[in-house]
Amino acid sequence: MSTPKDPNSKYDLSKISARVDKVNVSGLQRTHDDYVMRAADGLFKASNFQEMMLEAMAAKSYLHELGIFKDVSVHIDISRGADATPQGYEVTLKGKEFTRIMGSAGTEIGQNEGSLRTELTIPNILGRGESISLQGSYSSTRANDLQLKFWKPFFHTRFRENRPEASFSLFRQTDRYDISSFQTTNLGYLLDFSAHTMLGVDLTHSLQYENSIRDLSLLNKSVPFGIRDHCGPKLASLVRYSLIFDNRDASVFPTRGLLLKSVNEYCGLGGNVAYTSSTAHGEVNVPLFAGLVAQFCGRVGVVKETKKTTVLPISNLFYCGGPLTLRGFKYGSAGPVIDGTPIGAQTFWCTGAHLWTPLPFAGVFKGLASHFRMHFFYNMGNSNSFSMENMRSAYGIGLAVKLAERARIELNYCVPLQKQATDKVTNGFQFGIGYEFV
Amino acid sequence: MQTSQYLNQLHTADKLSEEPWPEDATLYQPFEAEQILLPESASCLAVKAYLKMCNLPFGIRTCANAEHMSPGGRMTKLPFIRAGAFLFAEFEPIVNFVEQKDMAIGSWQDEDEKADMRTYVSLVENIFTMAELYVSFKNERVYKEVTAPRNGAVYPWPLNVIQNYSKRRNALRQLKVYQWHDLDIDQVIDKVAKCCETLEYKLKESPDTPFFFGDQPCELDAIAFGHLFTILTTRLPNMALAQTVQKFGHLVSFCRFIDEKYFQMRCLQE
């Protein structure tokens, strides 16, 4: 008998007492038993029919998260057999494990870039949800990434609510800095551990250790000597800690909530590159009347030398300006310039104030219109200086489109207000695509 | 933006001969004491000798990543010189650059002599650079005891292992291209000896002048000095090259003469 539906409200399911005698989990071939045992915990605690049904649903979604089953179905039957109790039920969770190897191909959206990604995964390789995956991607700004990743979740331990995960990956990625005419090829490995903590607020933590060889090379022949000076391979050994607090009601067009994100890097545990880098990004959304939302965003980045620093790596400097930070300026054009070539800055800050409105006549095209918004914005920011004198700013109006719940496309009409002599502005329409905007 | 950069370069190239030699011209090379290898050292010394003979001032900057900063070249890619906005690497391109400024030595030579000298220069550069590469990279003992530790001295482990591996692979590939890879050490010594013989013969042609061509220095003097002096004064586990050059007394005294006149390094024993 499959899951009974709730036929009519005459029957109050919470009044029907029930007891779960047995929980069967079938379909496990290579998964270890202890990995799925926690699925049964909640079920045994159920004392009435409604609780049992809710726990059965929770068990089903838990099994899905473990990353071992493609499909899970729940069957509830009365318990039979010698040690069956009256009002006893037997719950069977039938799962269909993932095949030995899975492949996927698709597109991915990054910050002002799009990429093609293919992935080959061997899921549940050791029986407890671990997976090995080989990912390759090709994009407009980062050509030919390759990554071999071993991922292990710890969802079956007693820290299940904290969702701890660990991963080890070997990677080779190329970052192109087209406006500064150089590129870095990074080859190395990365150890990652992430978890949530729920002490008062829900925070996501991630601690990473990266050891990589960074090889800087030039993209054309006539590059200023200040950039040519940085060519060659270097060994970087660094620790990265990031913290995210996100209680917004949606990622793309939130109406209320707060997002705080901070990434901190300390590089210098060995190797010959040393620096510390911190970035923080914040977003506050305040709902107003009639579907209007006021949003304030801010971003700050600081790169500092440490005692071991010989020279700050040019690839870790911050680029200010562009459709994702200071609208109205070309990418990276609101910062220092060497011999006509823009390079990144050691510190930068950027803030934005937005007024989001639904499209006019949104009521007419209900479904489609929810993917669009209009906004009035005012951005201001600066590089290498935290004062408001000589800052850059721009205002304008734009149209934004939601893309797949993660990213947003913006088409803005920008009017730069304050700029410096070496800046490159786009006075007029500017297009941007990404998932984190200021 | 790309096309305007090229147009800019063409425009400045036209003005090349009009601009004087800059005061702050700089020569970039790897660290002398810990890093530089035999073929690179010879090339650097040849360029330094040439610039001194032309009486052009230059500064020297040693950095660990000189090889990667270099705009590129046929063999060692080093040294490279930065004069104003221009960058040139290796002996021949630098000589061409200096000649365009009408400040070069050898302008007293006529066309025939110049062509003759060019063939000698080409011969010297090819034979000696290949021989130096062979000894540094193909000879196991020299590679393990000298080349690998020196080349990897500026990188932390394991970057030095990877860099050595890739540099050795490139060097062996170059040897293959010039068809030196399959020779054994005796054949290499043979080639070097023949080249030295040719040079000594040329030197003896004008016995009362210390230089190769007449009583003024020219490119051949610079490059011959660079390679011969470096081979004679670099200590390696395998001294086959040095022993070969030692046999040619005239070449040794030529090196001593150039050293005395321009460098005063005084490393050549009697």
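- With an unreviewed UniProt entry as reference, chain B is termed Metaxin-2, source organism Drosophila navojoa.
- Under the UniProt heading Sequence similarities (unreviewed entry), the entry covering chain B gives this text: "Belongs to the metaxin family."
- As its UniProt record puts it under Subcellular location (unreviewed entry), chain B is described as follows: "Mitochondrion outer membrane".

- As annotated in an unreviewed UniProt entry, chain A is POTRA domain-containing protein from Drosophila navojoa.
- UniProt lists a comment for chain A under the heading Subcellular location (unreviewed entry), and it reads "Mitochondrion outer membrane".
- The UniProt entry for chain A carries this comment under Sequence similarities (unreviewed entry): "Belongs to the SAM50/omp85 family."

A closer look at the overall build of chain B
Right, so step 1: Across its full length, chain B holds eleven helices and four strands.
Right, so step 2: In terms of overall size, chain B behaves like a compact globule, its C-alpha atoms giving a radius of gyration of 19 Å where 270 residues would be expected to give roughly 18 Å.
Right, so step 3: Along the first, second and third principal axes, the C-alpha atoms of chain B reach 55 × 50 × 35 Å.
Right, so step 4: In chain B, the proportion of contacts linking residues at least 24 apart, taken out of those at least 6 apart, comes to 73%.
Right, so step 5: Entry remark: accessible area of chain B is about 13,200 Å², with carbon and sulfur atoms responsible for 51%.
Right, so step 6: Put simply, chain B has 28 plus and 36 minus side-chain charges, and the middle of one group is 8 Å from the middle of the other.

Side note on helix α6 (residues 140-151) of chain B
Residues and elements named next belong to chain B.
Right, so step 1: Among all positions in α6, only V142, Y143, V146, T147, A148 and N151 are buried.
Right, so step 2: Residues of α6 that are buried sit in contact with α5 (111-138) and α7 (159-177).
Right, so step 3: Capping the start of α6 is the job of one residue whose side-chain oxygen sits 3.1 Å from the backbone nitrogen of R141: N139.

What to know about unusual backbone geometry
All names here are of chain B.
Right, so step 1: Cis geometry is adopted by the peptide bond preceding P79, which originates at L78 and carries an omega value of -5 degrees.
Right, so step 2: Checked against the element boundaries, P79 lands in the loop between α3 (66-69) and β3 (80-83).
Right, so step 3: In this structure, the amide linkage connecting W157 to the following residue, P158, adopts the cis form with an omega of 0 degrees.
Right, so step 4: With respect to the helices and strands, P158 occurs in the loop between α6 and α7.

Some details on the pattern of salt bridges
Right, so step 1: One pass over the structure, following the stated rule, counts 28 salt bridges over all chains.
Right, so step 2: Between D190 of chain B and K194 of chain B there is a salt bridge, with the nearest N and O atoms lying 3.8 Å from each other. Here D190 of chain B pairs with K194 of chain B, and both are found in helix α8 (residues 185-205), just four residues apart, close to one helical turn.
Right, so step 3: With a relative accessible area of 43%, D190 of chain B lands in the partly exposed category.
Right, so step 4: Through salt bridges with shared partners, one network takes in E210, R214, R240 and E265 of chain A.

Section: the interface of chain B and chain A
It is common to report an interface's size as the accessible area lost on association of the parts.
Right, so step 1: Each partner contributes to the interface: chain B provides 20 residues, whereas chain A provides 15 residues.
Right, so step 2: Approximately 1,400 Å² of surface area, both sides summed, lies buried where chain B meets chain A, with 61% of it carried by carbon and sulfur atoms.
Right, so step 3: There are one salt bridge connecting chain B and chain A.
Right, so step 4: A salt bridge links D229 of chain A to R61 of chain B; the shortest N-O distance between them is 3.4 Å.
Right, so step 5: Taken together, the links from chain B to chain A amount to four residue pairs in polar contact (both at pLDDT 80 or more).
Right, so step 6: Those elements giving two or more residues to the side of chain B that touches chain A turn out to be α1 (2-14), α3, β3 and α7 of chain B.
Right, so step 7: For the side of chain B that touches chain A, the element with the most residues is α7 of chain B, which contributes three residues.
Right, so step 8: Broken down by class, the residue content of the side of chain B that touches chain A amounts to twelve nonpolar, six polar and two charged.

Some points on the domain arrangement of chain A
Residues and elements named next belong to chain A.
Right, so step 1: For chain A, the assigned domains are domain 1 (13-97) and domain 2 (154-434).
Right, so step 2: Taking only C-alpha atoms into account, the centre of domain 1 sits 44 Å from that of domain 2.
Right, so step 3: Contact residues are listed per partner, giving six residues for domain 1 and six residues for domain 2.
Right, so step 4: For the pair domain 1 and domain 2, the summed buried area comes to about 600 Å², and 53% of that belongs to carbon and sulfur atoms.
Right, so step 5: Considering only the surface of domain 1 that becomes buried against domain 2, R38, Y62 and E65 emerge as the three largest contributors, covering 69% of it.

Quick word on the sheet that holds β3 of chain B
Residue and element names in this part refer to chain B.
Right, so step 1: The sheet built from four strands is open, its strands ordered β2-β1-β3-β4 with mixed pairing. Each of the sheet's edge strands pairs with one partner strand only, and the pair in question is β2 (59-62) and β4 (86-89). The mean inter-strand angle of the sheet, taken between neighbouring strand axes irrespective of direction, is 25 degrees.
Right, so step 2: Where strand β1 (residues 26-29) and β3 come together, three bridges link them in antiparallel fashion. Its bridge partner lying in β3, T26 is registered against R82.
Right, so step 3: Along the sheet, helix α2 (residues 38-53) makes contact with β1, β2 and β3, crossing β1 at roughly 165 degrees.
Right, so step 4: Packed onto the sheet, helix α4 (residues 91-100) meets β3 and β4 and runs at close to 140 degrees relative to β4.

Digging into the pairing of strand β14 (residues 293-304) of chain A
Residues and elements named next belong to chain A.
Right, so step 1: Where strand β13 (residues 275-287) lies against β14, twelve bridges are found, and the strand directions are antiparallel. Among the inter-strand pairings, V286 is bridged to a residue of β14, identified as A294.
Right, so step 2: Count of turn residues in the β13/β14 antiparallel hairpin: five residues, of which A290 carries a positive phi of about 50 degrees.
Right, so step 3: Note: β14 against strand β17 (residues 347-357), ten bridges, orientation antiparallel.

With respect to the domain arrangement of chain B
Residues and elements named next belong to chain B.
Right, so step 1: Annotation of chain B at the domain level lists domain 1 (1-99) and domain 2 (111-263).
Right, so step 2: Summarising the inter-unit geometry, the C-alpha centres of domain 1 and domain 2 are found 20 Å apart.
Right, so step 3: Contacts between the two partners involve 29 residues from domain 1, matched on the other side by 37 residues from domain 2.
Right, so step 4: Carbon and sulfur atoms make up 66% of the area that domain 1 and domain 2 hide from each other, which totals about 2,800 Å².
Right, so step 5: Broken down residue by residue, the surface that domain 1 buries against domain 2 is led by L38, M53 and M75, which jointly contribute 26%.
Right, so step 6: Run the count over domain 1 and domain 2 and you get three salt bridges.

The rules behind these values
Residues numbered from 1 in each chain as written. Chains lettered and ligands numbered in written order. Predicted model: local features only at pLDDT ≥ 70, side-chain atom pairs only at ≥ 80, totals over all residues. Heavy atoms only, no water. UniProt positions renumbered as here; feature names shortened; annotations may be inferred. Helix = DSSP H or I, 4+ residues; strand = E, 2+ residues; numbered from the N terminus. Rg over C-alpha atoms; globule rule 2.2 N^0.38 Å. Contact = heavy atoms within 4.5 Å. Areas by Shrake-Rupley, 256 points an atom, 1.4 Å probe, with all protein chains shown as cover. Lys, Arg positive; Asp, Glu negative; His and termini not counted. Charge placed at Lys NZ, Arg CZ, Asp CG, Glu CD. Buried < 20%, exposed > 50% of the residue type's maximum accessible area, 1.4 Å probe, protein only. Polar contact = N/O pair within 3.5 Å; in protein donor to acceptor, adjacent residues only side chain to side chain. Salt bridge = Lys/Arg side-chain N within 4 Å of Asp/Glu carboxyl O. Buried area = accessible area lost by both parts, 1.4 Å probe. Nonpolar A, V, L, I, M, F, W, Y, C, P; charged D, E, K, R; others polar. Domains from an automatic or database assignment. Pairing = 2+ DSSP bridges. Axes fitted to C-alpha atoms, helices over the stretch in contact; angles between N-to-C directions.

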